[in-house]
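Structural overview
For reference, the chains in residue letters:
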Amino acid sequence: MLFYNTLTKKREEFVPIEPGKVSMYVCGPTVYDFIHIGNARPMIIFDTLRRYMEHKGYEVNYVSNFTDVDDKIIAKAISEGVSADEISERYIKECRQDMEHMNVKPATVHPRATQEIGGMIEMIQDLIDKGFAYAKNGTVYFRTRTFEDYGKLSHKNLDDLRSGNRSLLVTGEDEKEDPLDFVLWKPKKEGEPFWESPWSEGRPGWHIECSVMSRKYLGNTIDIHAGGEDLIFPHHENEIAQSEACNGVEFAHYWLHNAFLNIDNRKMSKSLGNFFTVREIEKQYDLQILRLFMLSAHYRSPLNFSHELMESSKSAFERICNAVDNLNFLAQNAGQEAMTEEEKAKLPQVKAFTGRFDEAMDDDVNTADAVSVVFDLVKFANSEAAGEISREYAKALKEEILILGDILGLRFEKKEEVLDSEIEELIAERQAARKAKDFKKADEIRGRLLEMGITLLDTREGVKWKRS
Ligand code: AMP
Ligand code: ZN
């Protein structure tokens, strides 16, 4: 398997630290609002990489954090008059729901910054003791000049950065020894959440959480560290400085970064206001279609979002689902049960699609090519299914498509449209059952509706329903 490594700027063969195992850390979202579809890109891409490695037989330890202490969370809490905890709890829950609907598997561990403060204080103290950090008036800074490799990930010219940053030094930061020094701990401001520490009542800087959580759950050196390309500098550069200064060993062997999801060729972001949340997209499309759209481009290429592209992903997705549906029907109803000799002879041809799929994925996670292999397979299966076909052969073709879909995290299921009239009918039936005191039947109908994705709400004005 080859990965393009941001650290070396080369494509490199993947060699895990421990044979058969992969340790992987993916920087997760800051939970102050619903995630947008830009945030969904790394989630979908790195989940697909994880699934592929699992398919190849690796045991993957996948850690992804929730940043639940941050200026934006505090600002939102103040504007709503609730606690910061309430905000982060709420949006972690919403994010997990989005992940589930995009078929992104939960990480092995989803650590939260606020639950790891003790570990952060320990690492900061260790960095101070080793001379890599210093405290000034309650703030602790990382001393970038003492870390020789500073800049190795982002390949930036540090002198240029220093002179650029010197002029940008903001009030309160002129106590830094060097313009590139960054905050490990900062004192609280009025009304902010805080923790006791040897330096001040305050909270950690953003970068330290990932160094601490990665070490705690995966060890001093990990195989893969990933995230969006905006994280290369300063976030990942600073994580490397903290971890390698503290632990004295290399932090991560392979650094993978996805390019942005853009709109009108500008980065989709909260601050620019040009974003769609995953939840908004879900009102219009099954999120499997969003997933297919994301996977149709290579992760290191910028991807422009548009409704036209979503529409074409939708018809592409339906094309696959129809093929699977048809094969499913034939696997149960075709006249002939066993495979003919001629069909058996074609099995290596069917398997060859998996070979091509693996080749694409081995080539720096080329999901764009992998998706085209699935389409080629569907085309082949459709032409096979057009003639006489045995049940066994139809089943083999269907399974091949489903296996590849599963690696991509795509469920090729045809969803039956549930009509409003059908729902209303069932609700009326349930009301009648309740009136007749047949509560068992009423509950059964509620359960059936739930399976169809319909939730009932008994209100004072009568029964209301919503699609979940
Ligand atoms: P944040 O909550 O801003 O820290 O972002 C969480 C993750 O989403 C990070 O890995 C970001 O790099 C990534 N991300 C944010 N915006 C985009 C975008 N427009 N396209 C791709 N990735 C993004
Ligand atoms: Zn991080």
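Above this note sits the structure.
Basis of the calculations
Residues numbered from 1 in each chain as written. Chains lettered and ligands numbered in written order. Predicted model: local features only at pLDDT ≥ 70, side-chain atom pairs only at ≥ 80, totals over all residues. Heavy atoms only, no water. Donors = N, O, S within 2.8 Å, 3.2 Å for Na, K, Ca; no water. Tetrahedral: all angles 85-135°; square planar, octahedral: opposite > 155°, others 65-115°. Helix = DSSP H or I, 4+ residues; strand = E, 2+ residues; numbered from the N terminus. Buried < 20%, exposed > 50% of the residue type's maximum accessible area, 1.4 Å probe, protein only. Near = heavy atom within 4 Å. Polar contact = N/O pair within 3.5 Å; in protein donor to acceptor, adjacent residues only side chain to side chain. Areas by Shrake-Rupley, 256 points an atom, 1.4 Å probe, with all protein chains shown as cover. Nonpolar A, V, L, I, M, F, W, Y, C, P; charged D, E, K, R; others polar.

Here the focus is the coordination of the zinc ion (ligand 2). Within the protein, the atoms that donate to the zinc ion (ligand 2) are C27 (SG), C210 (SG), H235 (NE2) and E239 (OE), at distances of 2.0 to 2.4 Å. Coordination geometry of the zinc ion (ligand 2): the 4 donor atoms subtend angles of 73 to 127° at the metal centre, consistent with an arrangement described as irregular. Sequence spacing of the donors to the zinc ion (ligand 2): C-x182-C-x24-H-x3-E. Linking C210 in helix α6 (residues 207–218) with H235 in helix α7 (residues 232–247), this pair joins segments that are 25 residues apart in sequence.

In the segment running from F233 into P234, the intervening peptide bond is cis, with an omega of 5°. Following the sequence through the fold, P234 ends up in helix α7. Its identity is not glycine, yet H155 carries a phi of approximately 50°, on the positive side. By secondary structure assignment, the location of H155 is in the loop between β6 (139–142) and α5 (158–168). A relative accessible area of 36% means that H155 is categorised as partly exposed.

Of all residues adjacent to ligand 1, which total 18 residues, the nearest are T30, G228, D230, L261 and M268. Between ligand 1 and T30 there is a distance of 3.1 Å, counted from an oxygen atom to a backbone nitrogen or oxygen. Within the complex, 89% of the 490 Å² of free accessible area of ligand 1 lies under protein. Residue assignment for the shell around ligand 1 shows that the elements contributing at least two residues are α1 (37–55) and β9 (222–228). For the shell around ligand 1, a count of residues per class yields 8 nonpolar, 8 polar and 2 charged.

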